[in-house]
Amino acid sequence: RRIGLPLELYSHPLLGTTGSCGSCFDKGLGSVSAIAAATETRVADIMEDESVSKVLAGLAYKNADDGEMSFASYRPLDEARKQVIASAFAEVGEAGYKVYAVSADKDGDTKDFIVRVKLVEGQPTADAKVIMGSCQIMFEDLSPCDCIEYAFPEAPDEFRIAQLSQDALETYRGMKFENWKSMLMTPTCEAQFRRMLQIGMISRFYDPQLFPTPESLRSKYQVQDEKTGKTIELPHPVAALRIWDASKQSYRPIDTQLTGAPSAAEADTWWGDFVKELAAKHGAEYIQGLLGGK
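Being a predicted model, the structure only gives us computed values, none of them experimental.

Definitions and cut-offs
- Residues numbered from 1 in each chain as written.
- Predicted model: local features only at pLDDT ≥ 70, side-chain atom pairs only at ≥ 80, totals over all residues.
- Heavy atoms only, no water.
- Helix = DSSP H or I, 4+ residues; strand = E, 2+ residues; numbered from the N terminus.
- Buried < 20%, exposed > 50% of the residue type's maximum accessible area, 1.4 Å probe, protein only.
- Contact = heavy atoms within 4.5 Å.
- Areas by Shrake-Rupley, 256 points an atom, 1.4 Å probe, with all protein chains shown as cover.
- Salt bridge = Lys/Arg side-chain N within 4 Å of Asp/Glu carboxyl O.
- Axes fitted to C-alpha atoms, helices over the stretch in contact; angles between N-to-C directions.
- Pairing = 2+ DSSP bridges.
- Arc of directions from axis to C-beta.
- Polar contact = N/O pair within 3.5 Å; in protein donor to acceptor, adjacent residues only side chain to side chain.
- Core = buried A, V, L, I, M, F, W, Y, C linked by side-chain atoms within 4.5 Å.
- Phe/Tyr/Trp six-rings, centres within 6.5 Å; stacked < 30°, edge-to-face > 60°.
- Lys NZ or Arg CZ within 6 Å of the ring centre and 35° of its normal.

Q: Would you take a moment to explain the overall build of the protein for this structure?
A: Counting secondary structure elements, the protein contains 8 helices and 13 strands. Looking at the protein as a whole, 40% of its 294 residues are labelled buried. A sequence separation of at least 24 residues applies to 60% of the contacts in the protein between residues at least 6 apart. Put simply, the protein shows about 16100 Å² of open surface, and 51% of that area lies on carbon and sulfur atoms.

Listed below in structure tokens is the structure:
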């Protein structure tokens, strides 16, 4: 006795053997219903996949040299990456859209893009957009997948994203340690000087514009100039940096160490010598008082 299912379902192992009376088949109707529902779901998924693939394949993808790239594949953007990317690309988190990671190729080079597709009654439409940003240093177009992600020591597993390319990051690596030393040699105000001495040596990347401190931690890395009342941002070093590797479909860590900064093994000795240098310039008693919180 057949109930309008595809022929292959009647021999499905969940149904068992059916006799001429159909009684055994009747006992398996619950399994038949489950298989039918799963089949309908899979058919709907295939139709959606084809619809999404057609929309995504019709978009333009370009590499850093403005060369056209060919659509290769796509997958829904997982929730963890979506939350990270939304920290600097708010439109990724807007309601009414489904977000996909798209891989495109050109001459053996693979690059990933983030695309959001508008949904109508839960179904994808042709209203799709490749999400792009701009590097805060070089001002070049930048896919979220090519942006630097960072985390602070207070929450080493909570990554955020900066609209910053790795090439731009490397231009900063050679200057930030000297900038930090200059802030201590010629401080803006005593409050800044005191807090920076108490924080100690900084050997990892920091920047209040590129890697802004979360609101919950901001009070620890801000002081007020006693003379002007102006808020001064203090260096807040990152704990980790990473970037998405499209060819491996995984994250690749980036070294956080600043050029010129001592290694971990040398840090204590270097800091002790530098404090002596500051004491020679500003007075030993004064420096010791600031280190003690006076």
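Past the structure itself, the notes keep going.
Q: Can you help me understand the pattern of salt bridges in this one?
A: Opposite charge on two side chains allows them to pair when their charged atoms are near. One pass over the full model with this rule turns up 12 salt bridges. For the salt bridge of Asp 146 with Lys 111, the shortest nitrogen-to-oxygen distance reads 2.1 Å. Highlighted residues: Asp 146 in the loop between β7 (141–142) and β8 (148–151) and Lys 111 in strand β4 (residues 109–120), separated in sequence by 35 residues. A salt bridge links Arg 194 to Glu 190; the nearest nitrogen and oxygen atoms lie 3.0 Å apart. Separated by 4 residues within a single helix, Arg 194 and Glu 190 lie in helix α6 (residues 190–199), roughly one turn from each other. A relative accessible area of 18% places Arg 194 in the buried class.

Q: I'm lost on the packing of helix α5 (residues 176–185) against helix α7 (residues 267–282) in this one. Help?
A: For any two helices packed against each other, the geometry comes down to the angle between their axes and how far apart the axes lie. The geometry of α5 relative to α7 is characterised by a closest axis approach of 11 Å and an angle of 35° between their N-to-C directions. Between α5 and α7, the residues in contact are Phe 177, Trp 180, Lys 181, Leu 184 and Met 185 and Trp 270, Trp 271, Phe 274, Glu 277, Leu 278, Lys 281 and His 282, respectively.

Q: Before we go on, may I ask you to explain the sheet that holds strand β12 (residues 240–245) in this structure?
A: Working definition: the strands of a sheet are paired by backbone hydrogen bonds and lie parallel or antiparallel to each other. In space, the 4 strands of this open sheet follow the order β9-β8-β12-β13, with antiparallel pairing throughout. At either margin of the open sheet sits one strand with a lone partner, and together these are β9 (160–162) and β13 (250–254). Ignoring which end each strand starts from, the neighbouring axes of this sheet average 40° apart. In this structure, β8 lies alongside β12, joined through 3 bridges in antiparallel fashion. Looking at β12, one finds that Ala 151 is bridged to Ala 240.

Q: Please clarify how helix α3 (residues 79–86) should be interpreted in this entry.
A: Helical geometry note: an α-helix holds 3.6 residues per turn, so side chains three or four residues apart project in the same direction. Residues Arg 81, Lys 82, Val 84 and Ile 85 constitute the buried set of α3. Within α3, the buried residues cover an arc of 165° as seen down the axis, which keeps them to one side. Exposed positions of α3 whose direction lies more than 90 degrees from the buried face are Ala 80 and Gln 83. Put simply, Asp 78 is the residue that caps the front of α3, since its side-chain oxygen is 3.1 Å from the backbone nitrogen of Ala 80.

Q: Got a minute to help me understand the sheet that holds strand β3 (residues 97–106) in this structure?
A: Strand order in the open sheet formed by 5 strands is β1-β2-β3-β4-β5, and the pairing between neighbours is antiparallel. Each having just a single partner strand, β1 (61–62) and β5 (123–131) make up the two edges of the open sheet. Here 2 bridges tie β1 to strand β2 (residues 68–76), and the two strands are oriented antiparallel to one another. From the neighbouring strand, Lys 62 faces β2, where its bridge partner is Glu 68.

Q: Any chance you could explain the nonpolar core here in plain terms?
A: Considering soluble globular proteins, one finds that nonpolar side chains tend to be buried as a cluster. Formed by 56 residues in total, the largest nonpolar core has its most connected members in Ile 114, Leu 164, Trp 180, Leu 184, Phe 211 and Leu 241. Element by element, the count of residues in this core is highest for α7, at 6 residues. When near neighbours in sequence (up to four residues on either side) are disregarded, Phe 211 contacts Ile 148, Tyr 150, Phe 152, Ala 162, Leu 164, Leu 169, Phe 205, Tyr 206, Val 238 and Leu 241. Core analysis: the second largest hydrophobic core is formed by 13 residues, Leu 56, Val 102, Val 115 and Val 117 among them.

Q: I tried to follow the packing of aromatic side chains on my own but got confused; where do I start?
A: The geometry of an aromatic ring pair comes down to the distance between the two centres and the angle between the two planes. Summed over all chains, the structure comprises 13 aromatic pairs. Aromatic side chains Trp 180 and Phe 274 sit 5.8 Å apart centroid to centroid with 35° between the ring planes, which places their arrangement in the tilted category. One end of the pair, Trp 180, is in helix α5; the other, Phe 274, is in helix α7, with 94 residues separating them in the sequence. Side by side, Trp 180 and Phe 274 carry an identical accessibility label, which is buried. Between Phe 193 and Tyr 286, the aromatic rings sit 6.3 Å apart at their centres with planes inclined by 50°, giving tilted as the arrangement. Here Phe 193 is found in helix α6, whereas its partner Tyr 286 is found in helix α8 (residues 284–291), with 93 residues between them in sequence. What makes Phe 193 buried here is its relative accessible area of 2%. Residue classification places Tyr 286 among the partly exposed positions, given a relative accessible area of 32%. Sitting above the plane of the Tyr 97 ring, Lys 118 keeps its charged end 5.2 Å from the centroid.

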